[in-house]
Every structure is written in C-alpha cells, then in structure tokens.
Amino acid sequence: MKTHNNLLITGGTGFIGRHLSEHLVDQGYRVTILTREAATDRSNSDHISYVSSLESLPDVNWYGVINLAGEPLDKARWSEEQKSRIINSRVSMTARLNVWIRNLPTPPQVYISGSAIGWYGHWVEESLDEDSAFHEGFSHQLCDAWEREANKLADLGTRICTVRIGIVLGADGGSLPAMLLPAKMGLGGPMGSGDQWWSWVHIVDAVRCFEMLLDNPQAKGVFNMTAPRPERQGDFARTLGKQLRRPAILPLPSFMAKLMLGEFAEEVLLKGQRVLPKNLIAAGFTFKYPALSDALRNLV
Ligand SMILES: NC(=O)c1ccc[n+]([C@@H]2O[C@H](COP(=O)([O-])OP(=O)(O)OC[C@H]3O[C@@H](n4cnc5c(N)ncnc54)[C@H](OP(=O)(O)O)[C@@H]3O)[C@@H](O)[C@H]2O)c1
C-alpha cells in the first residue's frame, strides 16, 4: 500500500484516465485530476479530487504526474484545422505542465507521458519494438511532437516514462464499444484487406502497466503499451465474432471506410503496425490478458 503519494493526472476523466484513477486510488495513491470541466462537486472518493487549472493545485509534494489529455482522434473528420487541434491540445497541455513542474520546489519523482504506437507510422509485416524506426505520416508527427515536448524536462532528474499506447480494449470506452454493434449484427468482418496488424491491450493491463512504471524506480524511457500478441484485423474481427457467436465475414471495403471516416480510417483502421512490448517485458511486467480471445471473453 502506498502512503497516499500525490499524483496529478491530466485526461483523468477520459476512458483510460477513469480506470487508471480508480485503480491507483485502490493501490493507495491520492489522485488529483486536471479537467477543463468545472471541478466542483465531482469528487467521488476521499482520494480523488478535481481541479480546473494548474494554478489551483494544492501546495503539496507531488510524487508523480501522468499526462493523457488531448482532443480525441475520432471526434471529427481530420481537416487541417482538426489535425492542428489534435496536436495542439496535447502539446500545449504538456508545455503548460512543463512550466508548472519547473516551478515546483521539488520536481516529481516520475512523469509518465502519453503517446501512441502511431509514433512508428505504418508498417506492413515488420515486428516493432522501442528501438524501431518510424515512417512519416500524421500519426508520427502527432506523437513525436507530444513526446518531444515532454522530454524537455529531461534535465530535471525526474524519471520520464513515455508510453506508446496501443488500441486499448475496454467495455466502456475506447474502440471496442463502437465495434460491438456491427459485430453483433454480423457486420463486423475484415476492414479493407483485414491483413493489417492491430496492436491492442486490455484496459486492465494498461492500468497495471502505469502502476508498474510509477512504482519501479528503474523504469524510464519508452514503453510500448501493447499486449505481446498483436493480431491481424481480420483475425481480430473473427475472434470478436466468435465471442459474440456471430459471423464476421461481411467485409468493410477500404473505400467505404474512407468515405465514412476519412483520413482517420486510413491512418488508424486500415493500416497498422505490429508492435511488441519489449521494454515492459524486460522490466518484469506480466500480462493478465496476453491473448485476444481471453481479453474479449472478459470484456464482451
Ligand atoms: N484509448 C486508446 O485506445 C488510446 C490509444 C493510444 C493512445 N491514446 C491516448 O491516450 C490518451 C487517453 O486516451 P483516452 O482513450 O482515455 O482518451 P479520452 O477518453 O478521449 O479522454 C481524453 C481526455 O482528454 C481531455 N481532453 C479532451 N479534449 C481535449 C482538448 N481539446 N484539450 C485538452 N484536453 C482535452 C478530456 O478531459 P477533460 O474533458 O476532463 O478536460 C478527456 O477526458 C489520449 O491522449 C489518447 O490519444 C489512447
């Protein structure tokens, strides 16, 4: 049990942040969430409080900061304006956090900075780990700008962990609920060729990864937050159909996906990358849900 170490979480009201905050409170942390919403009357536990500006944070010793806030990728079509909003929401929040952290009397011991496996860009068959190169594209541009801003704190002595998060599977947020309706109707077949790799992680393992990175004083650098067994999208669709006892054969042609979702479909759904969690495994992390069939059985 941690002795009520103070953590600040941005994006703590989102899908990952909600699960993470509740889990970390259960582990004994005292969590403060920075939100754009009015922060009053939100507290639902003795150990979670909400603030709506960095200036209103209490003057306490901060053990750690977790930075997840950002405009959702699937909120609107990716016009140039929306792309700027997606990047700026993350980079400007991170820049403001940097200023706040530099002004603290004692810097936090650990800073976990959000990013995504989109940092690697699109690959076809290659297995990627944290030492792999990237391919250019909007996803790389976004993640790289976010990571660079966070790493500006490197001189402080704070342990910086960058988490390149994969497709997080949960029953109440992320991509899975949106896949369930078509899948239940027997329409959840392959998207495009279905050969593209999807590197996924169960929300339970995702929050356990954050906890390990907070607690392990040796952990720093980049960590791919993905299960050790990525799946091709077509196999993902078949496994989901099997759990739901529905056929998953009706394909969603690429042109249709692009028509419906624009560049988001192109970048996130129709192309992918096979990412492996080399550094998490080297740090001793064990997955509760290494296999997709077990993860989906638990969730649907
Ligand atoms: N879920 C995934 O599969 C996945 C995969 C890879 C990477 N990620 C990244 O991990 C982070 C957390 O993911 P999530 O699924 O929990 O996201 P989410 O549910 O969309 O939550 C993101 C949070 O960011 C804040 N936010 C939204 N728009 C913002 C804006 N324009 N400016 C500043 N803050 C804004 C919101 O907090 P308030 O409304 O309280 O301010 C929200 O709670 C995101 O940055 C996401 O891109 C997620």
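First things first, this report covers the structure right here in the doc. All residue numbers refer to position in the chain's written sequence, counted from 1. With pLDDT at 70 or above as the cut-off, local features in this predicted model cover only qualifying residues; side-chain atom pairs require 80 or more to be listed or tallied, and sums for whole chains, interfaces and linings still use all residues. Excluded from the side-chain calculation are hydrogens and water; included are all heavy atoms of the structure.

### Observations regarding the site of the ligand
Then, in step 1: The environment of the ligand is formed by 21 residues, the closest being Thr-13, Ile-16, Thr-35, Leu-68 and Arg-90.
Then, in step 2: Two N or O atoms count as a polar contact when they lie within 3.5 Å, although within protein this holds only if one can serve as hydrogen donor and the other as acceptor, and sequence-adjacent residues are included solely when both atoms are side-chain atoms. Between the ligand and the protein, one listed contact pairs an oxygen atom with a side-chain N or O atom of Arg-36 at 2.8 Å.
Then, in step 3: The contact in question runs from an oxygen atom of the ligand to an N or O atom on the side chain of Arg-90, over 2.8 Å.
Then, in step 4: Here the ligand loses 82% of its free accessible area of 890 Å² to cover by the protein chains.
Then, in step 5: Secondary structure is summarised from DSSP: a helix means a run of H or I of at least four residues, a strand means a run of E of at least two, and numbering begins at the N terminus for each. Elements represented by at least two residues in the shell around the ligand include exactly helix H1 (15-26), helix H2 (80-102), strand S5 (110-116) and strand S8 (167-170).
Then, in step 6: Residues of the shell around the ligand, tallied by class, amount to 10 nonpolar, eight polar and three charged. Only heavy atoms are used to decide nearness, and a residue is near a molecule or strand if one of them lies within 4 Å of it. Surface accessibility in these figures is a Shrake-Rupley result with a 1.4 Å probe; residues are shielded only by whichever protein chains are displayed. Amino acids are sorted into nonpolar (Ala, Val, Leu, Ile, Met, Phe, Trp, Tyr, Cys and Pro), charged (Asp, Glu, Lys and Arg) and polar (every other residue, Gly among them).

### Remarks on a nonpolar patch on the surface
Then, in step 1: A cluster of nonpolar residues, Leu-181, Met-185, Leu-187 and Leu-250, forms a patch on the protein surface that exposes about 410 Å² of accessible area.
Then, in step 2: The cut-offs for exposure are 20% and 50% of the maximum accessible area for each residue type, with area from a 1.4 Å probe on protein chains only; residues under the lower value are buried, those over the upper are exposed, and the others partly exposed. Here Met-185 falls in the exposed class, since its relative accessible area comes to 55%. Every patch collects residues that have over 30% relative accessible area and no salt bridge, joining them within 9 Å if they carry like charges and within 5 Å if they are nonpolar side chains (Val, Leu, Ile, Met, Phe, Trp, Tyr). For this analysis, a salt bridge means a side-chain nitrogen from Lys or Arg found within 4 Å of a carboxyl oxygen belonging to Asp or Glu.

### Some words on the nonpolar core
Then, in step 1: Judged by nonpolar contacts, the single largest core of 36 residues is most densely connected at Leu-24, Val-31, Ile-66, Ile-112, Phe-210, Leu-213 and Leu-214.
Then, in step 2: To define a nonpolar core, start from buried Ala, Val, Leu, Ile, Met, Phe, Trp, Tyr and Cys residues and group those joined through side-chain atoms within 4.5 Å. The next biggest cluster of nonpolar side chains, apart from the first, holds 29 residues, and it includes Ala-183, Met-191, Phe-236 and Leu-240.

### Section: the side chain of Thr-32
Then, in step 1: Position of Thr-32 among the secondary structure elements: in strand S2 (residues 30-34).
Then, in step 2: Under the relative-accessibility criterion, Thr-32 is labelled buried at 5%.
Then, in step 3: Any pair of residues with heavy atoms lying within 4.5 Å of one another is described as a contacting pair. Once you skip the residues sitting within four places of it in the chain, Thr-32 turns out to touch Leu-7, Leu-8, Ile-9, Ser-49, Val-51, Leu-57 and Trp-62.

### What to know about helix H6 (residues 233-244)
In an α-helix there are 3.6 residues to a turn, and that puts residues three or four apart on one side.
Then, in step 1: One fewer than the residue count of a helix, multiplied by 1.5 Å, yields its expected span. The terminal C-alpha atoms of H6 lie 16 Å apart, and with 12 residues this matches the ideal 16 Å at 1.5 Å per residue to within 8%.
Then, in step 2: Contact partners of the buried residues in H6: S8, helix H4 (176-184), strand S10 (197-198), strand S11 (200-202), strand S13 (231-232) and helix H10 (292-299).
Then, in step 3: Arg-245, located one to two residues past H6, shows a positive phi value of around 55 degrees.

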